[in-house]
Amino acid sequence: QVQLVESGGGLVQAGGSLRLSCAASGNIFRINAMGWYRQASGKQRELVADLTSDGGTNYADSVKGRFTISRTNAKNTVHLQMNSLKPEDTAVYYCAADSSTPWGVRNDYWGQGTQVTVSS
């Protein structure tokens with residue numbers, strides 16, 4: 001089992017910045033990728049950004065140029081720096097991890113979510 005603990009959400013005015021962090025712990029053999037998803041009220045959960053173990057990144061079009069995902073491998077921690085925030089970025093942000101066991105079994109894990117609210 002892998003546990004993901006998020007931090008850094010909150011309330012910010014439009015144009016402001018927030019930094020989210022997610023620390024993975026537990027029975028970790030290999031993390032293939034970590035990333036952030038978000039779910040706004042009444043909408044489906046969507047990918048915000050992810051980062052693979054070889055350094056590849058993927059961003060939603062809506063956040064390109066404003067958000068940056070990074071990872072501290074030694075600590076199995078992923079960060080999401082969010083700049084130029086907009087009211088439409090308001091959502092619950094979830095950390096996710098794609099992990100493998102020594103036997104090659106892959107599992108997905110999710111954090112509990114952290115609220116990001118951007119006021120206009």
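Here, every reference points to the structure presented above.
Residues numbered from 1 in each chain as written. Predicted model: local features only at pLDDT ≥ 70, side-chain atom pairs only at ≥ 80, totals over all residues. Heavy atoms only, no water.

> Residues and numbers for the pairing of strand S4 (residues 30-39), please.
By the criterion of burial, S4 is predominantly enclosed, with seven of the 10 residues buried. Pairing geometry for S4 and strand S9 (residues 91-100), over nine bridges, is antiparallel. Paired with Gln 39 across the bridge in S9 is Val 92. In this structure, S4 lies alongside strand S5 (residues 46-52), joined through six bridges in antiparallel fashion. Residue Met 34 lies in a different strand from S5, and its bridge partner there is Leu 51. Turn length for the S4-S5 hairpin, with the two strands adjacent in sequence and antiparallel, is six residues, and the turn residue Gly 42 shows positive phi of about 80 degrees. (Buried < 20%, exposed > 50% of the residue type's maximum accessible area, 1.4 Å probe, protein only. Helix = DSSP H or I, 4+ residues; strand = E, 2+ residues; numbered from the N terminus. Pairing = 2+ DSSP bridges.)

> So what's going on with the nonpolar core? Which residues, and what values?
Counting residues in hydrophobic clusters, the biggest one holds 29 residues, and the most contacted among them are Leu 4, Met 34, Trp 36, Leu 80, Met 82 and Tyr 93. Every element with two or more residues in this core is listed here: strand S1 (2-7), strand S3 (18-26), S4, S5, strand S7 (67-72), strand S8 (77-82), S9 and strand S11 (114-119). Leave out the neighbours within four places in its chain, and Leu 80 touches Leu 18, Arg 19, Leu 20, Trp 36, Val 48, Ala 49, Phe 67, Thr 68, Ile 69 and Tyr 93. (Core = buried A, V, L, I, M, F, W, Y, C linked by side-chain atoms within 4.5 Å. Contact = heavy atoms within 4.5 Å.)

> I'd like a rundown of the state of the cysteines, residues and numbers included.
Tallying each qualifying case throughout the model produces one disulfide. Across the disulfide from Cys 22 sits Cys 95; the S-S distance is 2.1 Å. Looking along the S-S bond of the Cys 22-Cys 95 disulfide, the torsion reads about -80 degrees, which is the left-handed sense. Here Cys 95 lies in strand S9 and Cys 22 lies in strand S3, a separation of 73 residues in the sequence. Comparing Cys 22 with Cys 95 shows no difference in burial state: the two are buried. (Disulfide = S-S within 2.5 Å.)

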